[in-house]
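Observations on the model geometry
Letter by letter, the chains look like this.
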Amino acid sequence: MELKGNWNFPTSIRFGAGRLRELPEVCRALGMRRPLLVTDAALARLPLVATAVNACTESGLECAVYSNVQPNPVADNVMYGVATYQAGGHDGVIAFGGGSGLDVGKAVGLMVGQSRPLFDFEDREDWYLRVNVSGMAPVVAVPTTAGTGSEVGRAAVIVDPTDHTKKIIFHPRMMPGTVVADPELTFGLPPQITAATGMDALSHSLEAYCSPLYHPLAEGVAVEGMRLVKQWLPAAVEDGRNVTARAHMLIASSMGATAFQKGLGAMHSLSHPCGANLNTHHGLTNAVVMPYVLVWNRAAIEGKMQRLAAYLELPGRGFDAVLEWVLALRRRIAIPNTLADTGVRPEHAVQFAAQALADPSTPTNPVPMTRDDFERLYLRCIRGEL
Ligand SMILES: [Zn+2]
């Protein structure tokens, strides 16, 4: 079976190896003549970006690169991008990269048409109604990691430097107009990044599946997304040029982000303060806290774990089988066991617990959480007390 397709759910997706060459045509179809390619500083130095820019230039598009984008991107990364877009007379955005490049690209596409400040569009109540939709730029998303799934998301996660929290900027039309999903772009990822980003995809599907909201569409996407991770993440980590493994992980990543319209949970609540304050890797942090959160939520998710264990064809049954699988997967792909291994210390627990409580992922954790709960859970994750 050729791992290739043109899909229209949840947006227009051109999926398959080698399809980066269709980027100029996709830009044109969205009305772009002068696209601004937004990516992170590290990626901008790799041949990948030059290949994309050259393809656009050779087809007659005037394409420039903006790469003042850091991991765990901050508001300035977006606003300098907006200034670059306007100074260059651009007419669309190619959001290119892992989560940082994709999120900043999408946020630039939103902000080029707004007069209010960025955090006025945080995902609260009906704040998205403040957006001047007609000013938004068209966006093509090109993922280069398999984890964030931001290429099919309607939001961008940006750090607010005034309080060191990650804020979600949301508008339904932030969903990119077209995604070019080419697994060959992920060939160059080193094993530890493949592992960490892949576990982010798993955490999205797993948390969405466990969220108490009623959303069978999302649950269906989530369980198959988890099956693909189970089958293909170890192979992608062990052989980065295994195109079958890379392809399945790339779509598992999009599936995770599609599923999490149902909500996330405490894995992300715990992870966001670590990333915002200590710059820990998002996917890695989720992977570390995953088993501790599962155990914490156990009473509320036993029934769902029964079904999941059966679908994943795990050797045991129910919750214990899923927990064993997660622990074995972490060991196999060299994920550290405790938050202490990522630089989080017990003295961070009080401050981070307050931020975790306020995190937008918290209301859909299967077990209601208090600030004390988060503090205890942080300490378990730091000390390795499962
Ligand atoms: Zn995530």
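The structure presented is a predicted model; accordingly, all values stated were derived computationally and were not measured. (Residues numbered from 1 in each chain as written. Predicted model: local features only at pLDDT ≥ 70, side-chain atom pairs only at ≥ 80, totals over all residues. Heavy atoms only, no water.)

**Section: the pattern of salt bridges**
Under the criterion given, the structure shown has 17 salt bridges. Salt-bridge contacts for R298 lead to D320; the nearest nitrogen and oxygen are separated by 3.1 Å. Linking R298 in helix α10 (residues 282-311) with D320 in helix α11 (residues 318-332), this pair joins segments that are 22 residues apart in sequence. Look at R298 and you get partly exposed, because its relative accessible area is 28%. Linked through salt bridges whose partners overlap, the residues forming this network are R14, R19, E22 and E25. (Salt bridge = Lys/Arg side-chain N within 4 Å of Asp/Glu carboxyl O. Helix = DSSP H or I, 4+ residues; strand = E, 2+ residues; numbered from the N terminus. Buried < 20%, exposed > 50% of the residue type's maximum accessible area, 1.4 Å probe, protein only.)

**Digging into the coordination of the zinc ion**
Around a metal, the perfect tetrahedron of four donors has angles of 109.5 degrees, and the perfect octahedron of six donors has angles of 90 or 180 degrees. D200 (OD), H204 (NE2), H268 (NE2) and H282 (NE2) make up the full set of protein donors to the zinc ion, lying at 2.1 to 2.2 Å. Coordination at the zinc ion is irregular, judged from the four donor atoms that bind it and the angles of 87 to 167° they form at the metal. The motif formed by the donor residues of the zinc ion, counted along the single chain, is D-x3-H-x63-H-x13-H. Here D200 pairs with H204, and both are found in helix α6 (residues 191-210), just four residues apart, close to one helical turn. Taken individually, D200 and H204 each receive the classification buried, so the pair is uniform in this respect. (Donors = N, O, S within 2.8 Å, 3.2 Å for Na, K, Ca; no water. Tetrahedral: all angles 85-135°; square planar, octahedral: opposite > 155°, others 65-115°.)

**So, the pairing of strand β9 (residues 178-181)**
Look at any regular strand and the pattern is simple: side chains alternate between the two faces of the sheet. Of the two faces of β9, the one carrying T178 and V180 and the one carrying V179 and A181 are both buried. In this sheet, β9 lies alongside strand β2 (residues 12-15) in parallel orientation, the contact comprising four bridges. Paired with I13 across the two strands is V179, which belongs to β9. Strand direction decides the pairing type here: strand β6 (residues 139-143) and β9, joined by two bridges, are parallel. By the bridge assignment, V140 is partnered in β9 with T178. (Pairing = 2+ DSSP bridges.)

**Focus: the sheet that holds β2**
With mixed pairing, seven strands are arranged side by side in an open sheet as β1-β2-β9-β6-β5-β3-β4. Every interior strand has two partners, whereas the edge strands, β1 (5-7) and β4 (64-66), have only one. Going across the sheet, the axis of each strand differs from the next one's by a mean of 20°, ignoring polarity. Across three bridges, the pairing between β1 and β2 is antiparallel. Bridge pairing in β2 links G5 to F15. (Axes fitted to C-alpha atoms, helices over the stretch in contact; angles between N-to-C directions.)

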